[in-house]
Amino acid sequence: MNGGETLDFEIRPNLQPVAAAERSALMANPGFGRIFTDHMVTVRYAEGKGWYDARVEARAPIPMDPATAVLHYAQEIFEGLKAYRAADGGVTMFRPDANAARFRASADRLAMAPVPERLFLDCLEALIRADRDWVPDDAEGSLYLRPFQYASEVFLGVKPSSEYLFVVIASPVGSYFKGGVQPVSVWVSRDYTRAARGGTGAAKCGGNYAASLVAQAEAMQHGCDQVVFLDATEFKYVEELGGMNVFFVFDDDSIATPPLSGSILPGITRESVLRLAAERGHAVREEPYPFDQWRDDARSGRLREAFACGTAAVITPIGTVRDAEAEFTIGDGAAGAVTMGLREQLVSIQRGTAPDPYGWVHRVL
Ligand SMILES: *Cc1c(COP(=O)(O)O)cnc(C)c1O
């Protein structure tokens, strides 16, 4: 199995696609992850046979035996990326090769058969071609792509599955922030961690999210938008949010983010921000940042801005930070200039309205 392998797709068009008028009505206010396109891509894997039976077909429920391995031992991984409408009516994706590589790394960690990177990219392109009318035309919208893979063997023994299903579905999404970018408030969890060294924190697997939901619920009970996790060893260093990486901007214009220690998800937005920030002249550091230091730096004014980043919201300013004992504000609590400058440049590259010297934009149509 090598990264260059791919398959021919059997195309079975959806014979009852959503009518154009209804599609437009749905896409006028799509929200996030509630509306889906007409098609899905599926590819099967069996030990000894490899990947086979690649299809573009009507999106439909997948019948599942109650003894299917994923339902019991959670061997499941996923990705999330966006397709954008280009100015000339074409369609692009942002760094899909990085998602393909991360998906393979996640598969390795969960002892799953890796999807060859070329096949992964071909599946994304096949779905975009089938559902091109679902890519929003407006300046805020995009088509969120969700590739995922799960253990499909029917067996209750604890072992890596000998069969997998790889699926790609797509969902048109609107602006994450209705009415402009708003800073979020974050809750620092003292009772829960997201991932430990040696665990699955660096893999994009559903199980990590299952483990984070109770902490996210706790954040919301305390009136915060998102949870921030500290390291699992000392509960001392800031790691990341439930589904976003975190950055800090200091009064000397330097920018820092926690290093990829094995328990942090290596975000593609994170890596893109590191690159852009350096090119914009910021000193950039990947270094451990104790929570107490975060509080002290915010209070002294050494810390000017903080933001979270990930595919869904791109870059989100952090306005206030709270734990059981105290609360502090970052800067004046509003979105900072460095945060918004980085956001503007990254969004413009993604949407094709700014130059892309990095070769990040991948043309599909
Ligand atoms: C997906 C994800 C991110 C962000 O990754 P991007 O590639 O930037 O979307 C950050 N943290 C966690 C836990 C994630 O699952």
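Residues numbered from 1 in each chain as written. Predicted model: local features only at pLDDT ≥ 70, side-chain atom pairs only at ≥ 80, totals over all residues. Heavy atoms only, no water.

A. Molecular detail of the overall build of the chain. Within the chain, the regular secondary structure consists of eight helices and 18 strands. A compact globule built from 365 residues should have a C-alpha radius of gyration of about 21 Å, and the chain, at 21 Å, falls within 12% of that. Dimensions of the chain, computed from the C-alpha atoms along their principal axes, are close to 60 × 50 × 35 Å. Burial analysis of the chain (365 residues in total) assigns 51% to the buried set. Pairs at least 24 residues apart make up 72% of the contacts formed inside the chain by residues separated by at least 6 positions. Per element, the accessible surface of the chain, about 16000 Å² overall, is 50% carbon and sulfur. (Helix = DSSP H or I, 4+ residues; strand = E, 2+ residues; numbered from the N terminus. Rg over C-alpha atoms; globule rule 2.2 N^0.38 Å. Buried < 20%, exposed > 50% of the residue type's maximum accessible area, 1.4 Å probe, protein only. Contact = heavy atoms within 4.5 Å. Areas by Shrake-Rupley, 256 points an atom, 1.4 Å probe, with all protein chains shown as cover.)

B. Region of the structure containing the site of the ligand. Around the ligand, the structure places 15 residues, and the nearest of them are K204, Y209, E240, T269 and T311. Between T269 and the ligand, the recorded distance is 2.6 Å, taken from a side-chain N or O atom to an oxygen atom. Contact distances for the ligand include 2.6 Å between an oxygen atom and a side-chain N or O atom of T311. Relative to its unbound accessible area of 380 Å², the ligand is 97% covered by the protein chains. Looking at the shell around the ligand residue by residue, the class counts come to four nonpolar, seven polar and four charged. (Near = heavy atom within 4 Å. Polar contact = N/O pair within 3.5 Å; in protein donor to acceptor, adjacent residues only side chain to side chain. Nonpolar A, V, L, I, M, F, W, Y, C, P; charged D, E, K, R; others polar.)

C. Representation of the pattern of salt bridges. Taken as a whole, this structure holds 21 salt bridges when the rule is applied. When the shortest N-O distance is used, the salt bridge between D133 and R23 registers 3.9 Å. Of this pair, D133 sits in the loop between α4 (117-130) and β7 (142-151) while R23 sits in helix α1 (residues 20-28); the two residues are 110 residues apart in sequence, bridging distant segments of the chain. In this structure D133 comes out as partly exposed when scored by relative accessible area, which is 46%. Residue R23 is classed as buried on the basis of its relative accessible area of 15%. One salt bridge in this structure joins D292 and R295, with 3.5 Å as the shortest N-O distance. Of this pair, D292 and R295 both sit in helix α7 (residues 291-300), three residues apart, roughly one helical turn. Salt bridges sharing common partners tie together R44, D53, R55 and E57. (Salt bridge = Lys/Arg side-chain N within 4 Å of Asp/Glu carboxyl O.)

D. The domain arrangement of the chain, seen in detail. For the chain, the assigned domains are domain 1 (10-173) and domain 2 (184-350). Summarising the inter-unit geometry, the C-alpha centres of domain 1 and domain 2 are found 28 Å apart. Listed by partner, the interface residues are 19 residues for domain 1 and 19 residues for domain 2. Three residues stand out in domain 1 for area buried against domain 2, namely F78, F94 and R102, and they jointly supply 37% of the buried area on that side. (Domains from an automatic or database assignment. Buried area = accessible area lost by both parts, 1.4 Å probe.)

E. Region of interest: a nonpolar patch on the surface. Judged by side-chain polarity, Y73, L156 and V158 come together as a nonpolar surface patch covering roughly 320 Å² of accessible area. Relative to the assigned elements, Y73 resides in helix α2 (residues 70-73). (Patch = residues over 30% accessible without salt bridge, like charges linked within 9 Å, V, L, I, M, F, W, Y side chains within 5 Å.)

F. Representation of the packing of aromatic side chains in the model. In this structure the tally under the stated criterion is 17 aromatic pairs. Three or more aromatic residues link up through ring pairs in this structure, and these residues are F248, F250, Y289, F291, W294 and F328. One residue, R23, lies across the ring of W134, its end atom 5.9 Å from the ring centre. The ring of Y52 has K49 lying over it, and the distance from NZ or CZ to the ring centre is 3.9 Å. (Phe/Tyr/Trp six-rings, centres within 6.5 Å; stacked < 30°, edge-to-face > 60°. Lys NZ or Arg CZ within 6 Å of the ring centre and 35° of its normal.)

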